[in-house]
Every structure is written in C-alpha cells, then in structure tokens.
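# Breakdown of the fold
Residue-level listing of the chains:
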Amino acid sequence: MFELLNSHYNYFAVMLLLGIGLYMLIESKNLVKKVIGMNIFQTGIFLFFITLAFRAGGNPPIIKEGGGPYVSPLPHVLILTAIVVGVSLTAVALALIIRIYTEYGTLDEDKLKQLYYD
Amino acid sequence: MIEQLPVLLVVLPIIGGAIPLAASLVSDRAGWPVATLTLIGQAVLAGLLAWTVSTSGTVSYAVGGFAAPYGIELVVDGLSGAVALLVAVVSLGVLAYARQAGPHSGPFYGLYLLLVAGLTGMTVTGDVFNLYVFLEITGLAAYGLVASGRDASAAVAALKYLIIGTVGASLYLLGIGYLLAATGTLNMADLATKLGEMAAYDSTLVLTAFGLMVGGLTVKVALFPLHTWQPDAYANAPDTVSAFISALVSTVSAYALARLLFSVFTVEFLTAVPVARWALVGLACVSIIAGSALAVSQDSVQRMLAYSSVSQFGLVVAGFAIATPLAVVGATVHLLGHAVMKGGLFAATGVIERETGATTVNGYAGMGSRVPLPAFSFAVLSLAMVGVPPAVGFVGKWYIVLGAVNAENWPVVAVLLASTLLTLAYFARLVERLYFAEATIHSEPDEVPVTDGSGQAVSFGMIAVVVIAAALAVALTAAVPELQAMLEDTLPPLLNQ
C-alpha cells in the first residue's frame with residue numbers, strides 16, 4: 001500500500017482533487033464556492049494530463065545531441081490550452097454571479113431558488 | 001481554394017464576430033448588417049463545401065501545415081458537410097428573426113458569430129482535443145447568449161448551464177486523457193487505427209475513456225437525466241437565442257457523439273463490447289420516455305418544447321447506437337429535421353407571445369383565429385415533429401425504426417413506436433387548444449415588448465422565419481434522397497459495410 005502511494009502519489013492527488021472539486025460543486029450552497037469547486041475539479045484533470053507526460057529520467061523536450069529520452073510535450077501543450085479555457089469559464093461564471101448578486105442580493109443557492117421561483 | 005474551405009468556415013465567423021464587438025464602442029447598429037454579411041458568406045462557403053464533398057469525396061486540411069496525425073486535421077465528409085451547411089443556413093435564418101426580436105447590441109452579434117464558429121469547428125474537426133476546444137467555445141458563447149436576456153433569471157439559468165456544461169466538457173477532457181494514455185495520439189482516424197491494432201477494446205483504459213467521453217457529450221446533448229440545465233436555459237433566454245440554441249447546440253453535440261462512435265471507437269468497438277451499446281441504447285430509451293413524460297406535464301409551452309428536445313435527442317442517439325446504415329441515415333435525417341422544426345417552434349412561440357401575451361398551454365386556447373399564420377405554422381411544425389407523413393419528422397423516425405427492426409432490436413422498436421404516441425400526446429393537446437378551445441386571453445399583452453421604433457412587436461422577417469421553417473419541415477422530405485446520396489460514400493467505411 002505504502003509502495004503504491006510512494007510510486008503513484010500524483011494519481012492519488014488527482015483523485016483527491018477531482019473528488020473535492022466535485023463535492024464542492026454539488027454540495028456548497030454558495031455560488032462562488034461552487035465556481036471554486038469547478039476550478040479544483042479542472043485542476044485535478046490538468047494534473048492528470050501532466051502526470052501522463054512524466055517519464056523517469058526524461059529531459060525537457062529540447063532536441064539536442066544525446067539529450068534523450070525526453071518527456072512528452074504534447075500533454076503540456078494541451079493543458080496550456082485547457083487552462084486558458086478554464087480561466088475564460090471562471091471569468092464568465094463570476095460575471096454571471098455579479099449580475100445575480102446585484103439583482104437578487106444573495107449568493108445562497110437555497111435563497112436564490114425561493115426568489116427565482118416566485 | 002477548395003482544400004482551404006474547412007478552415008475558412010471556422011475563421012470567417014470569428015473575424016466577423018470581432019467586428020460588431022469593436023464597432024459597439026461607437027454604435028450598436030453595426031451588429032446586424034455585419035453578422036448578415038458574414039453568415040451569407042458562411043452559407044455560400046458551406047454550400048460549396050457540401051457540394052464538393054458530395055461530388056468528389058472527403059476534403060481534409062492540415063492546420064498550419066503540420067501533417068496528420070501530428071498536427072490538427074480538419075476533415076469534412078458527407079455527414080459533417082451536411083451538418084456544417086445546416087449550421088450556416090439556420091444561423092442565417094435566425095438572423096432574420098433577430099432583426100426585430102433583438103437583443104440589439106454589438107456584443108450580442110459578436111457572441112452569435114462566435115457560437116457559429118464554435119459549432120462549425122466542432123463539425124469539421126478531425127481531432128479529439130480540438131473538438132474539446134470548440135466544445136468549450138460553443139459553450140462559452142452559448143452561456144453568454146442565454147444570459148443576454150433582460151431578466152436576471154436568465155443569468156441564473158446561464159450559470160446553471162455553465163456549471164453543468166463545464167462538468168460535462170471536463171469529463172470529456174478526462175476521457176481524452178485516458179485515450180491519449182492508451183494510444184498516444186489525438187487524431188480521430190489515427191485513434192481508430194491504433195485502437196483496432198491494439199485489439200483491446202474491452203481494456204479498462206479504453207472502456208473508461210468511452211464512458212467519460214460519451215458521458216460528457218450526453219450532458220451537452222441533454223439526454224435524461226443530464227438534461228436539467230436545458231429547460232431553464234431555453235425558457236429564460238431571449239426568443240432569438242432560444243430558437244438558435246435549441247436548433248443547433250444540442251444538434252451539433254449529438255453529431256459529435258456520432259463522430260466519436262463511428263470515427264474514433266468504431267462499430268467494432270460497439271460489437272466487441274455489447275455493454276457499451278446497450279448502455280447507450282438504454283440511456284436513449286429512458287430519455288425518450290422520460291423526456292416525453294416531462295413534456296406532457298409542463299404548463300409553459302417553451303419548457304414543454306425543451307423537454308420534447310430531451311425525448312427527440314433520445315431518438316437520434318438510439319439511431320446512432322443501433323449503427324445499422326438505415327438507422328444512421330434515419331438518425332441523421334431526424335437530427336437535421338429536428339433542428340429546423342424545433343428552431344421554428346421556438347420562433348413561433350416568440351411570435352405568439354409578442355402578438356398575444358400567451359406563454360402557457362392554456363393561454364394558447366383559441367389563438368388559431370387570433371394569430372392565424374403563426375398558429376398554423378406552429379401546428380404544422382408540431383405535426384411534423386410527431387411524424388405525420390409527408391413531413392421530414394416521419395422520414396427520420398421511419399428509417400430509425402426500420403434500422404432497429406433490421407437489427408432485431410425489439411425493445412427499441414417498441415420504445416420508438418411508443419415515442420411517437422407520446423409526442424402526439426403533448427403536441428395534440430396544444431393543437432387542440434389552438435383551434436378548438438375557447439380563448440382564455442382576450443386582452444392585448446400588458447407589457448408591449450421593446451421594438452426598434454417601427455411601432456410593431458412582430459416584423460415581417462419574424463413571421464417569414466416561422467412560415468419558412470414550417471414549409472421546410474415538409475419540403476425537406478424531398479431532400480432526403482440527396483442526403484442519402486451524400487452519406488452513401490461516407491457511411492459504409494464508417495460502419496464497415
């Protein structure tokens with residue numbers, strides 16, 4: 001068990017982040033905390049991709065003589081794109097939350113539901 | 001020129017979309033003309049591309065000159081050509097509606113064109129990660145458009161849509177990670193080859209990837225029970241946006257699901273792992289029944305139409321999952337037909353609400369004589385959706401059922417036939433109210449919707465869109481052989497016939 005934890009700790013971190021993020025997203029009543037949960041969930045996925053690229057004893061993928069073996073640069077590039085997407089989503093979500101707050105005066109999901117269905 | 005068409009289709013609306021956004025600093029009047037010009041260009045290019053594909057086969061383009069499988073490849077075959085043309089034509093049609101119905105602002109048209117770019121990108125891409133990026137562009141633009149409603153409830157609906165939609169897209173991204181770990185490639189065609197060579201369709205890695213990617217996309221398609229964002233988003237968005245996104249967003253996501261099934265995982269995967277096919281067919285069947293049941297119990301017409309989409313997309317996904325040539329042709333016909341019919345129905349609800357203030361099923365009573373043309377179009381579109389011949393809704397369902405019969409998948413046949421009855425249940429109720437019930441609303445609407453100064457709530461363009469959609473719902477039947485010819489070269493390799 002300890003062996004597995006020692007060699008695969010990144011994957012445990014991924015699972016933990018995904019779990020925490022999803023739990024916050026579903027369970028938190030505060031809209032801003034929901035968005036934070038969404039971010040943590042996405043961070044878990046980013047870490048998963050970066051871990052995929054890892055290679056024991058690998059070098060940064062800058063081609064030079066005798067430089068190999070290299071780590072795979074592809075997942076890094078993908079995640080760079082995904083981070084940009086994540087930032088844009090957060091921005092849109094926060095903008096919507098500001099509009100909701102100015103209109104309803106609350107960030108609490110339950111109170112909002114009451115106001116929303118009236 | 002021809003080989004650059006796929007990339008032009010994506011770039012044109014992005015550039016077009018930047019103009020109204022910049023111009024809105026000076027004037028909000030520039031939005032509509034710019035969007036119209038851009039989308040006319042888009043429709044011409046998409047038509048040219050569809051024509052090229054149907055005459056001389058698949059067109060592919062390596063973005064940035066990096067050859068596939070290392071670079072991003074855009075591939076247009078018969079299926080994606082048809083969907084790209086649909087996106088261009090429907091978005092151009094909805095613009096005629098938006099002229100009067102608004103919202104009248106530069107940023108709105110910027111987002112509108114960005115959504116067209118995202119949808120077209122999802123259609124033409126041949127790379128699973130690129131599909132994720134376009135999925136998120138589509139999502140971002142759609143959240144913004146839903147929130148463009150005057151009412152703050154639109155912002156609540158948009159936030160709900162955003163959170164659920166992001167989880168869906170993130171699951172899809174996680175699935176890409178598993179697929180990348182299994183094969184080391186992201187190109188769809190290359191993925192199909194590598195997965196075939198590995199001959200490990202039932203490995204945990206591949207199965208997890210399938211589950212995550214399909215699960216993520218079904219959130220976007222809004223199959224039951226992942227549909228909860230959809231009724232709020234459709235009902236609270238401005239009428240223009242409801243018509244636009246109900247016609248296209250779920251449609252293109254369903255196309256992406258089909259692309260994933262046939263071009264990445266392939267039919268061999270579905271045969272080798274029957275549980276995957278059954279899970280998908282089961283989800284689709286549950287969606288058909290539950291969507292219809294929820295639609296019957298709605299009071300608001302727009303929410304009823306939204307739940308009807310949940311049910312109709314169940315039908316489409318069932319057709320794709322059965323994966324016999326007939327079923328896939330049927331699912332494609334229903335996918336395209338549904339886009340026209342549902343867009344038209346939402347547009348009609350907008351017109352009827354502006355003319356009379358009616359929004360509920362009971363409010364629609366007696367409106368057949370008060371707003372004859374929109375009400376008649378609404379009735380035609382409803383019956384087309386139920387599947388009354390010769391409307392296009394009938395052809396799609398007929399082929400899907402024939403495909404299911406060929407596959408000897410009897411439970412699905414039963415659900416498909418029952419679904420027609422259920423669709424009739426909620427649409428017949430409305431058509432009956434429209435024509436045979438005593439009017440419950442006699443007064444003019446209290447709050448006169450904001451117009452652009454011409455003094456009338458409903459313009460000729462809005463009525464024209466509704467009438468043309470109704471005409472198309474019937475006339476498209478004539479185009480089905482054309483579509484079949486277009487799919488003839490595309491489907492056999494995809495389905496390994």
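As the structure is a computational prediction, the values presented were derived from the model and not from experiment.

### Remarks on the overall build of chain A
- Counting secondary structure elements, chain A contains five helices and zero strands.
- Shown N-terminal to C-terminal, the secondary structure of chain A runs as helices and strands in the order α-α-α-α-α.
- What you see for chain A is a C-alpha radius of gyration of 20 Å, clearly larger than the 13 Å of a compact globule of 118 residues, by over 25%.
- Each principal axis of the C-alpha distribution contributes one length, and for chain A these read about 70 × 35 × 15 Å.
- Sorting the 118 residues of chain A into buried and exposed places 25% on the buried side.
- Residue pairs at least 24 apart in sequence account for 46% of intrachain contacts in chain A once pairs closer than 6 positions are excluded.

### As for the overall build of chain B
- Within chain B, the regular secondary structure consists of 19 helices and two strands.
- Over its C-alpha trace chain B gives a radius of gyration of 21 Å, about what one expects of a compact globule, namely 23 Å for 497 residues.
- Considered along the principal axes of its C-alpha atoms, chain B spans approximately 70 × 55 × 40 Å.
- Looking at the 497 residues of chain B, the share that counts as buried comes to 62%.
- Within chain B, contacts between residues at least 6 apart in sequence are counted, and of these 81% link residues at least 24 apart.

### Digging into the interface of chain A and chain B
- Listed as interface residues are 27 residues of chain A and, on the opposing side, 23 residues of chain B.
- Secondary structure elements with two or more residues in the side of chain A that touches chain B: α3 (31-53), α4 (74-104) and α5 (109-117) of chain A.
- Counting residues per element, the side of chain A that touches chain B draws most heavily on α4(A), which supplies 15 residues.
- Class assignment for the residues of the side of chain A that touches chain B results in 21 nonpolar, three polar and three charged.

### Concerning helix α2 (residues 9-27) of chain A
- Between the first and last C-alpha of α2(A) there are 26 Å, a value that for 19 residues agrees with the 27 Å anticipated at 1.5 Å per step.
- Three or more residues of α2(A) are buried, namely Val14(A), Leu18(A), Gly21(A) and Leu25(A). Taken down its axis, α2(A) places every buried residue within 70° of arc, on the same side. Facing away from the buried side of α2(A) by over 90 degrees, the exposed positions are Tyr9(A), Phe12(A), Met15(A) and Glu27(A).
- Contact partners of the buried residues in α2(A): α3 of chain A together with α6 (153-183) of chain B.

### Here we look at the confidence of the model for chain B
All names here are of chain B.
- Looking at chain B, pLDDT values average 87 and 97% of them are 70 or higher.
- Per-element confidence in chain B ranges from a low mean pLDDT of 79 for helix α19 (residues 480-495) to a high of 93 for helix α5 (residues 128-146).
- Predicted complex metrics record ipTM = 0.93 and pTM = 0.92.

### Considering the packing of helix α13 (residues 325-356) of chain B against helix α18 (residues 460-475) of chain B
Residue and element names in this part refer to chain B.
- The contact between α13 and α18 brings their axes to 9 Å, and the two run at 145°. The hand of the α13/α18 crossing is left-handed. Only Met 462, Ile 463, Val 465, Val 466, Ala 469, Ala 470, Leu 472 and Ala 473 of α18 make contact with α13, whose side of the interface consists of Val 340, Met 341, Gly 343, Gly 344, Ala 347, Ala 348 and Val 351.

### Focus on the nonpolar core
- Formed by 225 residues in total, the largest nonpolar core has its most connected members in Val146(B), Ala158(B), Leu257(B), Val317(B), Ala318(B), Leu381(B) and Ala473(B).
- Looking at which domains feed residues into this core, each of domain 1 (1-272) and domain 2 (274-497) of chain B supplies at least three.

### So, the environment of Val465(B)
Residue and element names in this part refer to chain B.
- Relative to the helices and strands, Val 465 is located in helix α18.
- With 28 C-beta atoms packed within 10 Å, Val 465 lands in the buried category.
- Taking the C-alpha atoms as reference points, Val 465 and Lys 397, separated by 68 residues in sequence, lie 25 Å from one another.
- Excluding residues within four positions of it along the chain, Val 465 makes contact with Gly 93, Ala 96, Tyr 97 and Ala 347.

### Observations regarding the UniProt feature "domain: NADH:quinone oxidoreductase/Mrp antiporter transmembrane" (unreviewed entry) in chain B
- The feature "domain: NADH:quinone oxidoreductase/Mrp antiporter transmembrane" (unreviewed entry), as annotated in UniProt, sits at residues 126-423 of chain B in this numbering.
- A distance of 35 Å separates the end C-alpha atoms of residues 126-423 of chain B, which is 83% helix and 0% strand.

### Brief notes about unusual backbone geometry
Residues and elements named next belong to chain B.
- Omega for the peptide link from Phe 224 to Pro 225 comes to 5°, which places this bond in the cis form.
- Looking at the secondary structure, you find Pro 225 in the loop between α8 (204-221) and α9 (229-236).
- Residues Pro 389 and Pro 390 are joined by a peptide bond in cis, for which omega reads 5°.
- In this fold, Pro 390 is placed in the loop between α15 (372-386) and α16 (392-406).
- If you check the backbone angles, Glu 408 has positive phi at about 55° while not being a glycine.
- Inspection of the secondary structure puts Glu 408 in the loop between α16 and α17 (410-436).

### Considering the packing of helix α12 (residues 301-322) of chain B against α16(B)
All names here are of chain B.
- Remark: α12 packs on α16, axes separated minimally by 10 Å, with the N-to-C direction vectors making an angle of 40°. By the angle between their directions, the pair α12 and α16 is classed as oblique. In the crossing of α12 with α16, the sense of the turn from one axis to the other is left-handed. Judged by residue contacts, Leu 315, Ala 318, Gly 319 and Ile 322 of α12 engage Lys 397, Ile 400, Gly 403 and Ala 404 from α16.
- Within the contact of α12 with α16, the residues separate by chemical class into five nonpolar, two polar and one charged.

### With respect to the domain arrangement of chain B
All names here are of chain B.
- Considered domain by domain, chain B is made up of domain 1 (1-272) and domain 2 (274-497).
- Look at where the C-alpha atoms of domain 1 and domain 2 centre, and you get two points 21 Å apart.
- Contributions of two or more residues to the side of domain 1 that touches domain 2 are made by α3 (78-101), α8, α9 and α10 (239-272).
- Among the elements that line the side of domain 1 that touches domain 2, the one with the most residues is α10, at 19 residues.
- Considering only residue class, the side of domain 1 that touches domain 2 consists of 29 nonpolar, 15 polar and four charged.

### A few points about the UniProt feature "transmembrane region" (unreviewed entry) in chain A
All names here are of chain A.
- Under the local residue numbering, the UniProt record ascribes the feature "transmembrane region" (unreviewed entry) to residues 6-26, 38-57 and 77-101.
- Helix makes up 95% of residues 6-26 and strand 0%. Its end C-alpha atoms lie 31 Å apart.
- Secondary structure over residues 77-101 splits into 100% helix and 0% strand, and the C-alpha atoms at its two ends are 36 Å apart.

### Here's the deal with the environment of Lys111(A)
- Along the polypeptide, Lys111(A) turns up in helix α5.
- With 19 residues separating them in the primary sequence, Lys111(A) and Val92(A) have C-alpha atoms 22 Å apart.

### Things to note about the environment of Ile463(B)
Residues and elements named next belong to chain B.
- When you line up the elements, Ile 463 lands in helix α18.
- The sequence separation of Ile 463 and Leu 212 amounts to 251 residues, and the corresponding C-alpha distance is 42 Å.
- Discounting residues that sit within four places of it in the chain, Ile 463 has contacts with Val 351, Leu 373, Pro 374 and Val 458.

Thresholds, definitions, all that
- Residues numbered from 1 in each chain as written.
- Chains lettered and ligands numbered in written order.
- Predicted model: local features only at pLDDT ≥ 70, side-chain atom pairs only at ≥ 80, totals over all residues.
- Helix = DSSP H or I, 4+ residues; strand = E, 2+ residues; numbered from the N terminus.
- Rg over C-alpha atoms; globule rule 2.2 N^0.38 Å.
- Buried ≥ 20, exposed ≤ 12 C-beta atoms within 10 Å, placed from the backbone.
- Contact = placed C-beta atoms within 7 Å.
- Nonpolar A, V, L, I, M, F, W, Y, C, P; charged D, E, K, R; others polar.
- Expected span 1.5 Å × (residues − 1).
- Arc of directions from axis to C-beta.
- pLDDT = per-residue confidence, 0-100.
- Axes fitted to C-alpha atoms, helices over the stretch in contact; angles between N-to-C directions.
- Left-handed = near helix turned anticlockwise from the far one by under 90°.
- Core = buried A, V, L, I, M, F, W, Y, C linked by C-beta atoms within 7 Å.
- Domains from an automatic or database assignment.
- UniProt positions renumbered as here; feature names shortened; annotations may be inferred.
- Parallel < 35°, antiparallel > 145°, perpendicular 65-115°, else oblique.

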